[in-house]
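Each chain, letter by letter, is given below.
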Amino acid sequence: MLRDHTCGEITAKEINKDVILAGWVSKRRDHGGVIFIDLRDRYGITQIVINPDNEHFEEANKLRREDCIQIKGKVRKRPEGMTNPKIITGEIEVITKHLLVLNKSETPPLEVDDRAVQSEEIRLKYRYLDLRRPSMQKKLQLRHNLAQAAREYLNKHDFLEIETPLLIRATPEGARDYVVPSRVHPGKIYALPQSPQLYKQILMVSGCDRYYQLARCLRDEDLRADRQPEFTQIDVEMSFIEEEDVYEVVEGLIKHMLKKGCDIDLATPFPRIPYDEAIERYGVDKPDIRFDLHLHDVTEIVRQTDFNVFKNAECIKCIAPGKDFSRGEIEELTSVATSFGAKGLAWTKVTSLGIEGGSAKFLEPIKDKLIKKIGANPGTTLLFVADKKKNTNEILGKLRNYLGEKLNLYKKDELKFCWITDFNLFEWDEEAQKWTPAHHIFTSPKPEHLQYLESDPGKVKGILYDLVLNGIELPSGSIRISNPDIQERVMAVIGLSKEDVERKFGFLLESFRYGAPPHGGFALGFDRLVALLSGTNDIREVIAFPKTKAAECPMDSCPTAWEDESLKELHLQLDSVAKKNIGKQ
Ligand code: ASP
């Protein structure tokens, strides 16, 4: 037997017992000829003692950090004053009889220690060492617990776990597809799925009724801190349901996951905020509702003044964080707002007599109306942004989040979920001068808005919902179109011709012609939920082998250059840009 206990479980109950442990040398200390080793495995750390008269003493003396060893010995109580109440094994130590070095370690290029600060590049290059750190093990454990809890809940509610293919037809869902060239069909490609969307809908046509999958999704996007080229969603689809049924399943699922995974009791149902209201009040469609700071639309009041900035703006909004900011603070907030795209940040201060400072002289004539509308108390600085409606909301929404954090307006570990509902079905793309789907093209319009589909697409709301946690979008989903005629009408709005539709989604529409059930679902960003519950915003922290921001893996150095052999096999050639990139002429 290589071990009969782990390094994280031996307590005073085992005193005088013989044990076999295996793990890595976390620390080795020499105390007056006696060697102490902190032996680490996934479960914890156990203190090992090797006396000078031990036949393995010399070997023990040569042990270095991260050597992999096995020891056999007897558990004893730690001497008075040497106990460590912080760890389970803190009362005992194991006095070693036999030591076996299973494998030596080279000097580790990073410290397997949670206190050490390490560069991201090194952490990812030596991810196996990085993952040995207790905090990383904890995150992997949490991820596992949450995944199992999700399965447990969904299994109990009659969902079937079904795997959908990774090699699929390219059916763009918003981002760029990763593609895989086919060897047996020269000149043809598969795409890697951006999500199992089409397959899960087809599974509903198949009568599978309730489907889920911890699905890998692959999107060839420019990366940001919270993005990865591949990520995991808890992907769910249900037949014969309405919007309310989806809310019930998602809330039940998250409640169960949080209880099982983190012992958190979550109150449900979650509040619901219609999209228009979210934008109006918070400036964004992912509001952080842990704090109550609202945006006030003062366009009508303020536009009446002589202040040029205000006079010509489409939308003027104000935020009143309840603080009396100093000049220096206002300057800092102005540069923050500018970094969010503001042309400037107008301000004034509410006093017991009216308003003072900043733009006060312009606002003087309308000050009473303004103060009444905002409900601001004396001693409060008012901050204004005036711009196009979209920009004003975006900038003040971001400033609101900035102020929430800066002024400690919320408890960091609080979890506040809310639903955002009633999204527009389409968004106008200024650049391309066309309508694009706000979510994806399979989302059902509200039946009462079908009449505007061709005449006024901007007015059409979808049966579409996002769940937001502390300002971060988690799952989104929708009730789908199950009628092929409506699906074709929606595709026409976004400029897809009948031929395009046939070419890209023909197989889905064809399946709908065989009695498609009404259906809907959602996908929950699993990495993001685990990250938030681990107290980080970075999903790379909770993915075992993530990519860098440049979509590379420093450990295996992918992506790698094409081998001539595989190019030939696939009947492909590199162009000059590709050749230059990989250093070939
Ligand atoms: N497939 C969608 C997504 O990845 C989620 C859904 O509508 O179920 O965002």
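Here, the structure is the one placed above.
Residues numbered from 1 in each chain as written. Predicted model: local features only at pLDDT ≥ 70, side-chain atom pairs only at ≥ 80, totals over all residues. Heavy atoms only, no water.

(A) Molecular detail of the site of the ligand. In the neighbourhood of the ligand, 13 residues make up the surrounding shell, with Gln197, Lys200, Arg219, His440 and Arg480 lying closest. At 3.0 Å from an oxygen atom of the ligand is found a side-chain nitrogen or oxygen belonging to Arg219. A distance of 2.9 Å separates an oxygen atom of the ligand from a polar atom in the side chain of His440. Bound to the protein, the ligand loses 93% of the 270 Å² it would expose on its own. (Near = heavy atom within 4 Å. Polar contact = N/O pair within 3.5 Å; in protein donor to acceptor, adjacent residues only side chain to side chain. Areas by Shrake-Rupley, 256 points an atom, 1.4 Å probe, with all protein chains shown as cover.)

(B) The side chain of Asp38, seen in detail. With respect to the secondary-structure elements, Asp38 resides in strand E2 (residues 34-41). Those residues in contact with Asp38 that sit more than four places away from it in its chain are Trp24, Val25, Ser26, Lys27, Arg29, Ile45, Thr46 and Gln47. (Helix = DSSP H or I, 4+ residues; strand = E, 2+ residues; numbered from the N terminus. Contact = heavy atoms within 4.5 Å.)

(C) Region of interest: the sheet that holds strand E5 (residues 92-103). Strand order in this closed barrel of five strands is E1-E2-E3-E5-E4, and the pairing throughout is mixed. Ignoring which end each strand starts from, the neighbouring axes of this sheet average 55° apart. (Pairing = 2+ DSSP bridges. Axes fitted to C-alpha atoms, helices over the stretch in contact; angles between N-to-C directions.)

(D) Region of interest: unusual backbone geometry. Cis peptide bonds are those with omega within 30 degrees of zero, and the linkage from Thr268 to Pro269 qualifies with -5°. Summarising the element assignment, Pro269 is placed in the loop between helix H6 (243-262) and strand E11 (272-274). With an omega dihedral of 5°, the bond running from Cys558 to Pro559 counts as a cis peptide bond. Along the chain, Pro559 turns up in the loop between helix H16 (526-533) and helix H17 (564-569). Positive phi is not limited to glycine here, since Asp158 has a value of about 70°. Phi at Asp209 takes a positive value of approximately 75°, unusual for a residue other than glycine. By the element assignment, Asp209 lies in the loop between helix H5 (197-205) and strand E9 (210-218). Asp209 gets classed as partly exposed once you look at its relative accessible area, which sits at 31%. (Buried < 20%, exposed > 50% of the residue type's maximum accessible area, 1.4 Å probe, protein only.)

(E) View of the pairing of strand E18 (residues 426-429). Bridge analysis of E18 against strand E19 (residues 434-437) gives four bridges, and the strand direction is antiparallel. Looking at E19, one finds that Phe426 is bridged to Pro437. Counting the residues between successive antiparallel strands, the hairpin from E18 to E19 contains four residues, one of them, Gln433, with a positive phi of roughly 55°.

(F) Layout of the sheet that holds strand E16 (residues 380-387). In space, the five strands of this open sheet follow the order E12-E13-E16-E14-E15, with antiparallel pairing throughout. Whereas interior strands pair on both sides, the edge strands pair on one side only; in this sheet they are strand E12 (295-297) and strand E15 (355-356). For E12 and strand E13 (residues 315-319), the ladder comprises three bridges, and the chain directions are antiparallel. Each bridged residue has a counterpart across the sheet, and for Leu295 the counterpart in E13 is Ile319.

(G) Summary view of the state of the cysteines. Per the stated rule, a full pass over the model turns up zero disulfides. Free cysteine Cys7: the closest other cysteine sulfur is in Cys68, separated by 10 Å. Overall, the relative accessible area of 0% leaves Cys7 in the buried class. Here Cys262 is not disulfide-linked; the sulfur of Cys418 is the nearest cysteine sulfur, at 19 Å. On the basis of relative accessibility, which here comes to 24%, the residue Cys262 falls in the partly exposed class. (Disulfide = S-S within 2.5 Å.)

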